[in-house]
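Fold and contact review
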Amino acid sequence: MRGRRQTLRDAAGRLAAMGVPDTALDAEWMLAYVLGVPRLNMLTELDAPVSEADGLRFGELLSRRLTREPLQYVLGEAVFMGHAFRVDERVLIPRGDTEVLCEAAIARLRPGLRVLDLGTGSGALAVSLALACPAAEVVGADISIAALDAARANGEALGASVAWLAGDLFSALAGRVFDMIVSNPPYIPAREIDGLQREVAWEPRLALDGGEDGFVFYRRIAAGLPAHLAAGGSLLLEVGNGQAELVAALLQGQFEKIQTIRDLQGLARVVAGDGYTG
């Protein structure tokens, strides 16, 4: 019976041979998942044995990761804003970058506010906002029925009150007006998607493809604001690297204040417009 240390070392070596990044960390997360213990706790007892059953289960997870299936899909969950969201190939994996968007939105929340998460995917944004301010009215919309099924399940599991609607951006929201609209829309230029890290190929292209220049959805969202954003309202958008200036320019003249919010790496990650003037 092999110990944890050797199991992790062998797995990291196999992952490295396949070009997987963060090999040691991925191996640790998978073994901790199989053992049902926190990763840091597992690391304090590396000489402990791994049972045959746990070894077989770990091998199954490792085989999936060796195909470059994202670790979050292998484990079936991703942690976002301290909450565990179930994720699979139906939805984009919630990432730390998007927590910058979520935190900026939470700072603007108050009871009774009508909030829309456009392109909700796993529901990470909508659910996190609803949990942060249960008295807000939160709606999550997505064109993908499969994604909405995943989002609804996440909302139920975490006890969040969110209304889920199926539609292409604002198409299911005729006559509805919101005080805050948040979105992490598809923003990768179509020609660049196939050149991304192999793990990204597992995620729904629908959630990645921002059209020829990456700005298609920003333009469509801006065009829908007059019918769906209340006077004085806020719009918060996640943006890709190098996109903030153009997205901000797209919103000029529609808000009293437009600001760019940077992530922990210092990259412009969110464009926020406050005080919508129409």
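This write-up is about the structure you can find in this document. (Residues numbered from 1 in each chain as written. Predicted model: local features only at pLDDT ≥ 70, side-chain atom pairs only at ≥ 80, totals over all residues. Heavy atoms only, no water.)

1. Some words on the environment of Glu69
- Mapping Glu69 onto the fold places it in the loop between α4 (52–66) and α5 (71–75).
- Separated by 118 residues in sequence, Glu69 and Tyr187 place their C-alpha atoms 22 Å apart.
- With sequence-adjacent residues up to four places away left out, Glu69 is seen in contact with Arg64, Val74, Glu199 and Trp202. (Helix = DSSP H or I, 4+ residues; strand = E, 2+ residues; numbered from the N terminus. Contact = heavy atoms within 4.5 Å.)

2. Focus: the side chain of Asp117
- Relative to the helices and strands, Asp117 resides in strand β3 (residues 114–118).
- Nearest to the buried, unbridged Asp117 among oppositely charged side chains is Arg152, at 13 Å.
- Those residues in contact with Asp117 that sit more than four places away from it in its chain are Leu125, Ala126, Val139, Gly140, Ala141, Val182 and Ser183. (Buried < 20%, exposed > 50% of the residue type's maximum accessible area, 1.4 Å probe, protein only. Lys, Arg positive; Asp, Glu negative; His and termini not counted. Salt bridge = Lys/Arg side-chain N within 4 Å of Asp/Glu carboxyl O.)

3. A closer look at the pairing of strand β1 (residues 77–80)
- The alternating pattern of β1 places Ala78 and Phe80 on a buried face, while none of Glu77 and Val79, on the opposite face, is buried.
- In the sheet, β1 pairs with strand β2 (residues 83–86) via four bridges, with the strands oriented antiparallel. The residue bridging Phe80 from the neighbouring strand is His83, located in β2.
- Between the end of β1 and the start of β2, which pair antiparallel, lie two residues, with Met81 showing a positive phi angle near 55°. (Pairing = 2+ DSSP bridges.)

4. Some remarks on the packing of aromatic side chains
- The full count for this structure, using the stated rule, is three aromatic pairs.
- Here the aromatic rings of Phe80 and Phe85 are separated by 6.3 Å at their centres, their planes lie at 75°, and the arrangement is edge-to-face. Comparing Phe80 with Phe85, the two get one shared label, buried.
- Where Phe255 meets Tyr276, the ring centres are 5.3 Å apart and the plane angle is 55°; that geometry is what we call tilted. Here the residue Phe255 occupies a position in strand β8 (residues 255–262), and Tyr276 occupies one in strand β9 (residues 268–276), the gap between them amounting to 21 residues. A single burial state applies to Phe255 and to Tyr276, both of which are buried.
- Taking the ring centre of Trp29 as reference, the NZ or CZ of Arg39 above it sits at 5.1 Å. (Phe/Tyr/Trp six-rings, centres within 6.5 Å; stacked < 30°, edge-to-face > 60°. Lys NZ or Arg CZ within 6 Å of the ring centre and 35° of its normal.)

5. As for the nonpolar core
- In terms of nonpolar packing, the biggest core is built from 33 residues, with Leu116, Leu118, Ile181, Leu225 and Leu235 touching the most fellow members.
- Within the residue set of this core, elements represented by two or more residues are β3, β4 (137–142), β6 (178–183), α9 (216–228), β7 (229–238), α10 (244–251) and β9.
- Considering each element in turn, this core owes the most residues, five residues, to α9. (Core = buried A, V, L, I, M, F, W, Y, C linked by side-chain atoms within 4.5 Å.)

6. Points about the packing of α9 against α10
- One way to put it is that α9 packs onto α10 with a least axis distance of 10 Å and a crossing angle of 20°. Relative to α10, α9 is oriented roughly parallel. Here α9 runs over α10; the crossing is right-handed. Here Tyr218, Arg219, Ala222 and Leu225 of α9 lie close against α10, whose contacting residues are Val247, Leu250 and Leu251.
- Class assignment for the residues of the contact of α9 with α10 results in six nonpolar, no polar and one charged. (Axes fitted to C-alpha atoms, helices over the stretch in contact; angles between N-to-C directions. Parallel < 35°, antiparallel > 145°, perpendicular 65-115°, else oblique. Left-handed = near helix turned anticlockwise from the far one by under 90°. Nonpolar A, V, L, I, M, F, W, Y, C, P; charged D, E, K, R; others polar.)

7. Some points on the state of the cysteines
- Evaluated as defined, the whole model comprises zero disulfides.
- The thiol of Cys102 is unpaired, and the distance to the nearest cysteine sulfur, on Cys133, comes to 12 Å.
- A residue is classified by how much of its surface remains accessible, and Cys133, at 9% relative accessible area, is buried. (Disulfide = S-S within 2.5 Å.)

8. Comments concerning the packing of helix α1 (residues 4–17) against α4
- Running from amino to carboxyl end, α1 crosses α4 at an angle of 20°, the nearest separation of the two axes being 10 Å. The angle between the axes of α1 and α4 places the two elements in the roughly parallel class. Remark: the crossing between α1 and α4 carries right-handed chirality. The residues of α4 that touch α1, namely those facing Thr7, Ala11, Arg14 and Leu15, are Phe58, Leu62, Arg65 and Leu66.
- Considering only residue class, the contact of α1 with α4 consists of five nonpolar, one polar and two charged.

Geometry only, nothing functional implied.
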